[in-house]
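# Inside the fold
Chain by chain, the residues run as shown.
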Amino acid sequence: MNKRILIVEDQEDNRRILRDLLAHTNYTVIEAVTGEEGVNLAQTSQPDLILMDIQLPILDGYEATRRIKAIPNLSQVPIIVITSYALSGDEEKAHAAGCDAYVAKPFSPMQLLSTIHQYLS
Amino acid sequence: MFVQDFLYSKILSLMPNTNHSSEVELLRKRLERERRARAESEAIAEKALSQQYLWQKEMSLLQSIATAANESVAADHAVQTALDQVCTFTGWPVGHAYFFVEDNCGELAPTGIWHGNDTDRFETFRKVTEATRFKEGFGLPGRVFALRKPVWIIDVTKDANFPRAKAATNIGVRAAFGFPVLVGVDVVAILEFFSDVPREPDDRLLNIMAHVGTLLGRVIERKRSQEAILEKNTSLEQALSEKLCLYEDLKLKQAELEAASQHKSQFLANMSHELRTPLNAIIGYTELILNNIYGDVPEKIKEILQYVETSGRHLLSLINDILDLSKIEAGQLKLSLNEYFIQEVVHSVITAMEPLASPKGLALVATLPPNLPIGKGDERRINQVLLNLVGNAIKFTEAGEVRVEVTQRDNEFRVTISDTGPGIAHEDQKRIFDEFQQADSSNTRKKGGTGLGLSIVKRIVMLHGGSVGMESELGQGATFWFTLPTCVERQEVL
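Described below are features of the structure shown in this document.

Here is what the cut-offs are and how they apply
- Residues numbered from 1 in each chain as written.
- Chains lettered and ligands numbered in written order.
- Predicted model: local features only at pLDDT ≥ 70, side-chain atom pairs only at ≥ 80, totals over all residues.
- Heavy atoms only, no water.
- Helix = DSSP H or I, 4+ residues; strand = E, 2+ residues; numbered from the N terminus.
- Buried < 20%, exposed > 50% of the residue type's maximum accessible area, 1.4 Å probe, protein only.
- Contact = heavy atoms within 4.5 Å.
- Pairing = 2+ DSSP bridges.
- Axes fitted to C-alpha atoms, helices over the stretch in contact; angles between N-to-C directions.
- Buried area = accessible area lost by both parts, 1.4 Å probe.
- Salt bridge = Lys/Arg side-chain N within 4 Å of Asp/Glu carboxyl O.
- Polar contact = N/O pair within 3.5 Å; in protein donor to acceptor, adjacent residues only side chain to side chain.
- Nonpolar A, V, L, I, M, F, W, Y, C, P; charged D, E, K, R; others polar.
- Parallel < 35°, antiparallel > 145°, perpendicular 65-115°, else oblique.
- Left-handed = near helix turned anticlockwise from the far one by under 90°.
- Core = buried A, V, L, I, M, F, W, Y, C linked by side-chain atoms within 4.5 Å.

### As for the overall build of chain B
Helices and strands together make up the secondary structure of chain B, namely 13 helices and 12 strands. When the 494 residues of chain B are sorted by exposure, 40% land in the buried category. Across chain B, contacts joining residues at least 24 apart in sequence account for 67% of those joining residues at least 6 apart.

So this is what it looks like as structure tokens:
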């Protein structure tokens, strides 16, 4: 069975890059547009990895990460946080929320793909 | 009756018919002599007594003028007091004061300071007086001014040098005297007094008046300096309050500036975020196309897309630099101080930069002594500094090598980056660490770069408490260096 990757990202452009990038792999892509939807989809679809944007409306990526990590059967799912805030302290905040890796926008899709491979191999 | 007179009549009554007439006559003469002597001494005593009385009167005049003048607030009041006291003392009905005009015209100007009970009677005289200025030597005040001594006029109506004679005649002003008020040797005022009958000069009175003049002079001098001090105080207070206003203004401005600076930083952070989002799409899609995610791409298009990607990354570095610089400017760049190994920083930079050096055939060399101590600082920022300097060296060097050397001495790392590039002219070296400066502005386009790198380098190093510098000769390469305290416990305020 293909491994499943949940993308939580509110912007269609960015979702499409990730979708296109992963379309040529064997991973199954599940998409969520809001933080809340992300948390719900994580519970129902039990993904193998989550790509989490930080700047999400209402429930931001930090909080969504925190909630997912608090769910017992999801706590081991790796979460890669993607942020375009390059302010110092963002990375610390992301790690504090419980994420496994941190990628700053604009990211290199190929590098991101190799990071994903690392976590799923 | 005196004892001698009594004795004398007694003797005469007791010896009416004696023949001792010659003896009696002798006695009578003696008594007569004694009586004269007694009368003389009585006269002397009486004179002394009246002198004593006059002296006391004079003393009390001087004392009362001194006291009243001291109590008066302004020089004018002191003069008024003196006029009143002298008129009371002399019984003369009119007194008036002139002030010396301090505007180089050397004239005495009349004042509105008068003593006179009968104002109606002296109205004309007063008007004439207040309309007349006197030069030295003219009229009564002019003469007092010239002599710097009291002057007496027995009868002004018969005086050749009394311009106000006509006005004086009509109202019966006759005798006059005036005396100067002296501050040191300078006449500051003249007081004049008039009697309604002619009077012979009174030297004793004039002598006292000279004293009054001197006394008044001292008081006026003191009052004037007090007034000057008061004026100075007032102007100082004014200056102080102006300064305080200015200070309040500045405080307000500073608060506004700080708020503006906060807004600016927030704006830049937001702008940076907004710029990165579309840039993410540009760089991301370009990379996906270049990796044939959307199918095979002809070489020609790949070449162009590589240019798009490079430009996108350049734009990204500009945004990063501007964000960094604005954070430093706003004092918001917080170093994250942790332990690090300087040799690891150097190696990671060499590894990262190798792909840029090798295509040009440049040797990238690191010289590190063994046993370097563990450092404490912001490793990511130090990495950024070294990346920038090594990147610059590679960018501007076409042949030869770029060398990174670390030494450690006196609790300080010294990192030197030397290249075999074209070197930098002396006139360009001064401002090379300033914003938007490159040695040769044409290089900005030719070699890329924002002109912000070195100013960020300088600030990051300074935040660590270190320093930066460079040495270069045209055609002989360039050497950039920076120092870092081995152990940075807190960041510096720039």
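### Details of the sheet that holds strand 11 (residues 468–472) of chain B
Residue and element names in this part refer to chain B. Within the open sheet, the 5 strands sit side by side as 7-9-10-12-11. Their pairing is mixed. For this open sheet the edge positions go to strand 7 (363–367) and strand 11, each flanked by a neighbour on one side alone. In this sheet, neighbouring strand axes are inclined to one another by 15° on average, regardless of whether the strands run parallel or antiparallel. Pairing analysis gives 5 bridges linking strand 7 to strand 9 (residues 401–409), with the strands arranged parallel. Each bridged residue has a counterpart across the sheet, and for A363 the counterpart in strand 9 is E401. Packed onto the sheet, helix 9 (residues 342–357) meets strand 7, strand 9 and strand 10 (412–419) and runs at close to 175° relative to strand 7. Sitting on the sheet, helix 10 (residues 379–396) is in contact with strand 7, strand 9, strand 10 and strand 12 (478–485), with an inclination near 20° to strand 10.

### Topic: the interface of chain B and chain A
The interface of chain B with chain A comprises 23 residues on the first partner and 22 residues on the second. For the pairing of chain B and chain A, the buried interface totals around 2,000 Å² over both sides, and the portion due to carbon and sulfur atoms is 59%. It is H273, N280 and I293 of chain B in chain B that bury the most area against chain A; as a group they hold 27% of the surface buried on that side. In this structure, the connection of chain B to chain A is made through 0 salt bridges. Summed over the shared surface of chain B and chain A, the number is 7 residue pairs in polar contact (both at pLDDT 80 or more). Among the elements of the structure, helix 7 (203–290) and helix 8 (299–329) of chain B are those that each provide at least two residues to the side of chain B that touches chain A. Ranked by residues supplied to the side of chain B that touches chain A, first place goes to helix 7 of chain B with 13 residues. The class makeup of the residues in the side of chain B that touches chain A is 10 nonpolar, 7 polar and 6 charged.

### A short note on the pairing of strand 2 (residues 28–32) of chain A
Relative to strand 2 of chain A, strand 1 (residues 4–8) of chain A is paired through 5 bridges, and the arrangement is parallel. Across the sheet, R4 of chain A pairs through a bridge with T28 of chain A, a residue of strand 2 of chain A.

### Structural notes on the pairing of strand 4 (residues 176–183) of chain B
Residue and element names in this part refer to chain B. Counting buried residues in strand 4 gives 8 out of 8 residues, a clear majority hidden from the surface. Across 3 bridges, the pairing between strand 3 (residues 151–153) and strand 4 is antiparallel. Across the sheet, the residue bridging to I153 is A176, located in strand 4. The loop that links strand 4 with its antiparallel partner strand 5 (residues 186–194) comprises 2 residues; one of these, G184, has a positive phi angle of about 65°.

### Section: unusual backbone geometry
Residues and elements named next belong to chain A. Despite not being glycine, Q46 has its phi angle at roughly 45°, a positive value. The residue Q46 is located in the loop between helix 2 (35–45) and strand 3 (49–53) in this model. Positive phi values are uncommon outside glycine, yet I58 reaches one of about 65°. Here I58 lies in the loop between strand 3 and helix 3 (61–70).

### What to know about the packing of helix 2 (residues 21–71) of chain B against helix 7 of chain B
All names here are of chain B. Packing of helix 2 against helix 7 leaves a shortest axis separation of 10 Å and a crossing angle of 15°. Here helix 2 lies roughly parallel to helix 7, going by the angle between them. Helix-helix and strand crossings are classified by hand; for helix 2 and helix 7 the assignment is right-handed. On helix 7, the residues that touch Q51, L54, W55, E58, L61, L62, I65, A66, A69 and N70 of helix 2 are R204, I208, M209, H211, V212, L215, L216, V219, R222 and K223. The class makeup of the residues in the contact of helix 2 with helix 7 is 13 nonpolar, 3 polar and 4 charged.

### Quick look at the nonpolar core
Residue and element names in this part refer to chain B. One finds L386, V390, I417, F480 and F482 to be the most contacted residues of the largest nonpolar core, which totals 44 residues. For this core, the secondary-structure elements that each account for two or more residues are helix 8, helix 9, helix 10, strand 9, strand 10, helix 13 (453–463), strand 11 and strand 12. If we ignore the near neighbours within four places in the chain, the residues touching F482 are V385, L386, L389, F413, R414, V415, I417, V461, S467 and V468.

### Things to note about the side chain of H115 of chain B
All names here are of chain B. Mapping H115 onto the fold places it in strand 2 (residues 108–116). Among the residues examined, H115 registers a relative accessible area of 14% and is labelled buried. Here H115 is in contact with L83, D84, C87, P93, V94 and G95, once residues within four sequence places are set aside.

Spatial relationships are all this shows, so hold off on functional conclusions.
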